[in-house]
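Structural characterization, general
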Amino acid sequence: MGPDFTPFMREAIALAERGRWYAAPNPTVGAVLVRDGEVAARGWHTGYGKPHAEVECLRDAASKGVDPAHCTLVVTLEPCNHHGKTPPCSHAIVEAGITRVVVGLADPNPVASGGAEYLRAHGVTVDMGVCEQECHDLVADFLTWKLTDLPYVILKLASTLDGRIATRSGHSQWISGAEARAAVHELRARIGEAGGAVLVGGTTLYTDDPQLTARVAPLPRRQPMAVVATRHVPHHDALPRIFRERPGQCVVWTDSTGAGTEAADALRTSGVCIMALPLTPSGRLDLRAGLTRLRADHGVEHVLCEGGGKLALSLLEAGLVGEFHLHMAPKIIGDAEAALLFDGRAPLHMDEALRLRMTGIERRGDDCIMILRPGKG
């Protein structure tokens with residue numbers, strides 16, 4: 001039995017996370033060099049167009065006087081084998097004299113794949129699939145961009161312990177504490193800087209009149225676009241604040257009827273983008289079509305959906321959610337008429353339930369933020 005590289009792969013995963021948002025639209029990748037059971041050098045992809053994780057790791061080794069030829073390279077994604085903005089990492093590994101590489105996930109990108117094959121052809125031992133699911137989750141956004149025409153969707157909802165997102169009167173401010181709300185603004189700031197959008201449903205729009213901006217210090221250079229999914233286009237006599245304050249950054253998803261109203265024409269005149277979406281067989285707005293158009297027409301690669309519950313459930317049912325951030329507050333409403341976290345399905349057996357995987361948990365103040373992803377729970 002050979003050495004267990006799981007702890008080293010998990011360190012590479014943690015390093016990769018430091019480059020999240022900055023590496024996009026490249027994948028988030030981390031690497032470590034291991035010698036005598038210890039990490040001797042570290043690297044991660046720090047930004048789009050900059051050296052990849054493997055090269056950064058080799059640079060770190062050089063700065064420390066570490067000879068890579070005496071090390072095993074552990075990397076979260078198969079080294080690239082093509083000339084893009086940077087030379088192929090597979091060639092750099094061979095030139096460094098490394099004789100063993102441990103890979104978390106095979107590169108799904110046909111343009112860049114083939115690194116493992118190249119390495120083996122040059123006498124390097126390559127072990128694949130260490131922490132494969134974790135490494136897959138690490139690049140779930142990249143896989144979405146490469147394999148589909150969709151943006152990557154992050155769903156965020158806040159709930160009490162009894163699964164309620166508002167009282168029966170619709171009051172929801174605030175379920176979460178200040179620390180958890182600050183985490184949402186941090187995430188919005190990342191989304192905005194990456195040219196992404198925040199999505200809400202009509203009920204959330206009319207009930208909360210949200211700003212959908214990142215209110216952090218310092219303010220981000222770019223705020224996220226605001227997208228609203230609603231069959232009822234707001235009239236100019238009662239415009240929510242996002243349409244008054246930044247119409248040029250707003251998109252409305254509605255049906256053909258809503259898109260043909262005087263209210264829609266008035267919003268267009270002010271700079272709002274009105275998208276008439278087709279309807280699904282069940283009569284709902286086709287969210288997949290809306291997401292596809294957001295990416296095609298506006299270059300949006302990240303979408304943060306902040307509710308409400310019906311919109312969130314529709315996205316989950318359609319398989320459009322890449323990750324789900326559930327903010328659970330230690331509060332109990334205890335009212336059967338209060339708004340449910342999710343509502344609208346009627347399964348008779350537990351095997352009909354939507355299933356998710358827990359992939360992370362974090363405490364912010366008194367609240368718990370759970371990170372869930374699609375798949376068998």
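In this text, all values refer to a predicted model and were calculated from it rather than measured experimentally. (Residues numbered from 1 in each chain as written. Predicted model: local features only at pLDDT ≥ 70, side-chain atom pairs only at ≥ 80, totals over all residues. Heavy atoms only, no water.)

A word on the overall build of the protein
Worth spelling out the cut-off: Think of it this way: any DSSP run of H or I at least four residues long counts as a helix, any run of E at least two long counts as a strand, and we number them from the N terminus. The globule rule used here is 2.2 Å times the number of residues to the 0.38 power, and the radius of gyration it is set against is calculated over C-alpha atoms. With a 1.4 Å probe rolled over the protein chains alone, any residue whose accessible area is under 20% of its type maximum counts as buried; one over 50% counts as exposed, and the rest are partly exposed. Working rule for contacts: check all heavy atoms of both residues, and any pair within 4.5 Å makes them a contact. We get accessible surface area from the Shrake-Rupley algorithm with a probe of 1.4 Å; when it comes to residues, only the shown protein chains can shield them. Residues scored as positive are Lys and Arg, those scored as negative are Asp and Glu, and His as well as the terminal groups of each chain are ignored. Note that the charge is assigned to NZ on lysines, CZ on arginines, CG on aspartates and CD on glutamates.
When its secondary structure is counted, the protein shows 13 helices and 16 strands. Against the compact-globule benchmark of 21 Å for 377 residues, the protein has a radius of gyration of 23 Å, which places it among compact chains. Here the protein holds 377 residues, and the buried ones make up 51% of them. Residue pairs in contact within the protein that sit at least 24 positions apart in sequence constitute 71% of those at least 6 positions apart. If you sum the accessible surface of the protein, you get close to 17,800 Å²; carbon and sulfur atoms cover 52% of it. Computed over 39 positive and 44 negative side-chain charges, the separation of the two mean positions in the protein equals 3 Å.

Quick word on the UniProt feature "binding site: substrate" (unreviewed entry) in the protein
In plain terms, the rule: UniProt positions are given in the numbering used here, feature names are shortened, and annotations may be inferred rather than shown by experiment.
As annotated in UniProt, the feature "binding site: substrate" (unreviewed entry) corresponds to S172, R188, L212, R215 and E306 in the numbering used here. Relative to the helices and strands, S172 resides in the loop between β7 (164–166) and α7 (178–193). Residue classification places S172 among the buried positions, given a relative accessible area of 18%. Aside from chain neighbours lying at most four places away, what touches S172 is I165, A166 and D208. With respect to the secondary-structure elements, R188 resides in helix α7. Given the relative accessible area of 8%, R188 is considered buried. Excluding residues within four positions of it along the chain, R188 makes contact with V198, L212, T213, A214, R215, P224, L304 and E306.

Considering the environment of V103
Looking at where V103 falls in the secondary structure, it is placed in strand β4 (residues 100–105). A residue is classified by how much of its surface remains accessible, and V103, at 1% relative accessible area, is buried. Non-local contacts of V103, meaning those with residues more than four positions away in its chain, are made with M9, V75, L77, E78, P79, V126, D127, M128, G129 and V130.

Topic: the pattern of salt bridges
Side chains that differ in charge, positive against negative, can pair when their charged atoms come close. Stated formally: We define a salt bridge as a contact between a side-chain nitrogen of Lys or Arg and a carboxyl oxygen of Asp or Glu at a distance within 4 Å.
Evaluation of the coordinates by the stated rule reveals 21 salt bridges. When the shortest N-O distance is used, the salt bridge between D127 and R100 registers 2.7 Å. Of the two residues, D127 sits in strand β5 (residues 125–128) while R100 sits in strand β4, which places them 27 residues apart along the sequence. Overall, the relative accessible area of 26% leaves R100 in the partly exposed class. Its salt-bridge partner being D366, residue R363 comes within 4.0 Å of it at the nearest N-O pair. Of the two residues examined, R363 and D366, each falls in the exposed class. One network of salt bridges, in which partners are shared, links D137, E323, R357 and R373.

So, the nonpolar core
Filter applied, for reference: Remark: nonpolar core denotes a set of buried residues (Ala, Val, Leu, Ile, Met, Phe, Trp, Tyr, Cys) joined through side-chain atoms within 4.5 Å. For the domains described, the bounds stem from an automatic or database domain assignment.
Grouped together as the largest cluster of nonpolar side chains are 66 residues, with contacts concentrated most on L33, V101 and F243. Take this core: its biggest share by element is five residues, from helix α1 (residues 6–17). Looking at which domains feed residues into this core, each of domain 1 (5–132) and domain 2 (148–374) gives three or more. Setting aside residues up to four positions removed in sequence, F243 forms contacts with L205, V228, P234, C250, V252, L267 and V272. Grouped together as the second largest cluster of nonpolar side chains are 33 residues, M275, V300, L315 and L316 included.

Here we look at the domain arrangement of the protein
For interface size, the figure often reported is the accessible area lost on association. Quick note on the threshold: As a working definition, buried area equals the accessible area (1.4 Å probe) given up by two parts on being put together, with both sides summed. Residues adjacent in sequence count toward polar contacts only when both atoms are side-chain atoms; beyond that, a polar contact is any pair of N or O atoms within 3.5 Å, and within protein one must be able to donate a hydrogen and the other to accept it. Each residue receives one of three labels: charged for Asp, Glu, Lys and Arg, nonpolar for Ala, Val, Leu, Ile, Met, Phe, Trp, Tyr, Cys and Pro, and polar for the others, Gly being one of them.
Looking at the assigned domains, one finds that the protein contains domain 1 (5–132) and domain 2 (148–374). For domain 1 and domain 2, the distance between their C-alpha centres works out to 36 Å. Contacts between the two partners involve four residues from domain 1 and, on the opposite side, seven residues from domain 2. For the domain 1 and domain 2 pair, buried surface summed over both sides reaches about 450 Å², with 69% attributable to carbon and sulfur atoms. Inspection of the domain 1/domain 2 interface yields zero salt bridges. One can count one residue pair in polar contact (both at pLDDT 80 or more) joining domain 1 with domain 2. The class makeup of the residues in the side of domain 1 that touches domain 2 is four nonpolar, no polar and no charged.

What to know about the sheet that holds strand β1 (residues 30–35)
As a reminder of what qualifies: Strand pairing is assigned whenever DSSP identifies at least 2 bridges connecting the two strands. Axis lines are fitted to C-alpha atoms, over the contacting stretch for helices. Their N-to-C directions set the angle, which ranges from 0 to 180 degrees.
Taken together, five strands build an open sheet; the order of strands is β2-β1-β3-β4-β5 and the sheet is mixed. The open sheet has two edge strands with one neighbour each: β2 (38–44) and β5. Averaged over all neighbouring strand pairs, the angle between strand axes comes to 20°, with direction disregarded. Running at roughly 130° to β2, helix α2 (residues 53–64) makes contact with β1, β2 and β3 (72–77) of the sheet.

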